[in-house]
Amino acid sequence: KEHRVPFVVANWKINKLQADVADFLKQVNSEVPDQKIVETGIAAQDLFLANMVRDTVDSPIHVVAENVHWEDSGAYTGETSPKALKDIGAEYVLIGHFERRKFFNETDSTVNLKVTAALRNGLRPIIDVDEDMRTYAQFMDADPSVAQVAAALAGVSVDQIRNVTIAYEPTWAIGSGEAATADQAQKAAHLIRQTLAKLYSPVIAEQVRVLYGGSVTPENAREIMSQADIDGVLVGTAALDPKKFLQLVEIA
Ligand code: PEP
């Protein structure tokens, strides 16, 4: 685990207006440590991203998109091109968040198209996996695999996988105030790593970061992040508050 840099990612969804965004960055920019110690990212609506890139030039914070289209350009009214995201300076993109799967018909196959489009354009995908692993953690020793991980990574090469982060976010934990226990989160993260080992190799599985997301707070983050297979957190509600965001970075 020592060779994987911890990663704390805020997901603001469609919260905050542009003045709030500027104000938040002003408060946290100089407080965030060097990215060799902890990496930090903030996912926000597309329309804020270019300003966020500008406002974080002197800060290690990475700018993260919340979604992306799978074609680089063309007649896809209302979508965001991965090439354009890269062009404005975004570095990461969330793909397959539970809310996208639930409200916007995101499927394993569109997730896969988006993952390959992001990688092709030099963006680093953070792939959300929301399968409920409470039940099949017990089968871990049998034939472990996480279907959403395998589907999302179809066609992703050994070289490309190094640029991928996987976030385990059980649906019941997102925005509910009920986080997974550290033990549940660890079991799921381990299952994801075993899936990566089967798809690639045990060595590569050790290099890919796996995050936990779902009702993370400064109170529960320490125990969750101390687990062997968990390399950081993806945080919605708590990360709307600059003080809590900085506390989470500090814990990481
Ligand atoms: C999320 O939506 O990615 C999330 C983790 O939200 P919350 O922290 O509010 O549960």
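Note that the structure is a prediction, hence the values are computed from the model and not measured. Here, residues in each chain are numbered from 1, in the same order as that chain's written sequence. pLDDT decides what is reported in this predicted model: residues at 70 or higher carry local features, side-chain atom pairs at 80 or more are listed and counted, and totals for whole chains, interfaces and linings draw on all residues regardless.

What follows covers the site of the ligand. Within the structure, the ligand sits among 13 residues, and Asn 11, Gly 175, Gly 213, Gly 236 and Thr 237 are positioned closest to it. Looking at the shell around the ligand residue by residue, the classes come out as five nonpolar, seven polar and one charged. By definition, a residue lies near a molecule or strand when the C-beta atom built from its backbone is within 6 Å of it. Just so you know the grouping, Ala, Val, Leu, Ile, Met, Phe, Trp, Tyr, Cys and Pro go in nonpolar, Asp, Glu, Lys and Arg go in charged, and all remaining residues, Gly too, go in polar.

Okay, the sheet that holds strand S1 (residues 7-11) next. The pairing of strands in a sheet happens through backbone hydrogen bonds and is either parallel or antiparallel. Pairing between strands requires that DSSP locate at least two bridges from one strand to the other. Comment: elements are numbered from the N terminus, with helices defined as DSSP H or I runs of at least four residues and strands as E runs of at least two. Read around the closed barrel, the eight strands follow the order S1-S2-S3-S4-S5-S6-S7-S8; overall the barrel is parallel. Here the average twist between neighbouring strands, direction ignored, is 25°. Where strand S7 (residues 209-213) and strand S8 (residues 232-235) come together, two bridges link them in parallel fashion. Bridge pairing links Tyr 212 to Val 233 in S8. Note on contacts: residues are paired as contacts if their backbone-placed C-beta atoms lie within 7 Å. Structural elements are reduced to axes, namely lines fitted to C-alpha atoms, with helices fitted over the stretch in contact, and the angle between N-to-C directions of any two is expressed from 0 to 180 degrees. Along the sheet face, helix H11 (residues 242-251) touches S1, strand S2 (39-44) and S8 and points at about 160° away from the line of S1.

UniProt positions are given in the numbering used here, feature names are shortened, and annotations may be inferred rather than shown by experiment. Sites flagged by UniProt as "active site" (unreviewed entry) map to His 97 and Glu 169. In sequence the annotated residues extend across 73 residues, while in space they remain close, none of their C-alpha pairs exceeding 8.3 Å. With respect to the helices and strands, His 97 occurs in the loop between strand S4 (92-95) and helix H4 (98-103). Exposure classification rests on a simple neighbour count of other C-beta atoms within 10 Å of a residue's own: a residue reaching 20 or more is buried, one at 12 or fewer is exposed, and one in between is partly exposed. C-beta atoms are placed from the backbone. Accessibility expressed as a C-beta count within 10 Å gives 27 for His 97, which makes it buried. Residue contacts for His 97: discarding those within four places in its chain leaves Glu 66 and Asp 128. Within the secondary structure layout, Glu 169 lies in the loop between strand S6 (165-168) and helix H8 (182-199).

Take helix H1 (residues 18-28) next. The periodicity of an α-helix, 3.6 residues per turn, causes residues three or four places apart in sequence to face the same way. Of the positions making up H1, those classed as buried are Val 21, Phe 24, Leu 25 and Val 28. Axial view of H1: buried residues confined to an arc of 95°, hence all on one face. Along H1, the residues that are exposed and aim more than 90 degrees away from the buried face are Ala 19 and Lys 26. As for H1, its buried residues are in contact with S2, helix H2 (46-55) and H11. What the arc describes is the spread of directions from the helix axis to the C-beta atoms.

Here S8 shows a buried face lined by Gly 232 and Leu 234 and a second buried face lined by Val 233 and Val 235. Bridging between S1 and S8 involves four bridges; their strand directions are parallel. Bridging from a neighbouring strand, Ala 10 pairs with Val 235 of S8.

Quick look at the packing of H1 against H11 now. Where H1 meets H11, the axes come as close as 10 Å, and the angle between the chain directions of the two elements is 40°. As far as their axial angle goes, H11 and H1 are oblique. In terms of crossing hand, the pair formed by H1 and H11 is right-handed. Only Pro 242, Phe 245 and Leu 246 of H11 make contact with H1, whose side of the interface consists of Phe 24, Gln 27 and Val 28. Looking at the contact of H1 with H11 residue by residue, the classes come out as five nonpolar, one polar and no charged. Each angle gets one of four labels, with under 35 degrees taken as roughly parallel, over 145 as roughly antiparallel, 65 to 115 as roughly perpendicular, and the rest as oblique. Handedness of a helix crossing follows the sense of rotation of the near helix relative to the far helix, less than a right angle counterclockwise being left-handed and clockwise being right-handed.

A word on the UniProt feature "binding site: substrate" (unreviewed entry) in the chain. In the UniProt entry, the feature "binding site: substrate" (unreviewed entry) is given for Asn 11, Trp 12, Lys 13, Gly 175 and Ser 215. For the annotated residues, spread through 205 residues, the largest C-alpha to C-alpha distance comes to 14.3 Å, consistent with a single compact locus. Position of Trp 12 relative to the elements: it lies in the loop between S1 and H1. By secondary structure assignment, the location of Lys 13 is in the loop between S1 and H1.

A few words now on unusual backbone geometry. Peptide bonds are mostly trans, and most non-glycine residues show a negative phi. The backbone phi angle of Asn 105 is positive, close to 55°, even though this residue is not glycine. Its location among the elements puts Asn 105 in the loop between H4 and helix H5 (108-120). Asn 105 gets classed as exposed once you count the C-beta atoms within 10 Å, which come to 8. For Ser 215, which is not glycine, the phi dihedral falls at a positive 60°. If you trace the backbone, Ser 215 turns up in the loop between S7 and helix H10 (221-225). Using a count of 20 C-beta atoms within 10 Å as the deciding quantity, one classes Ser 215 as buried.

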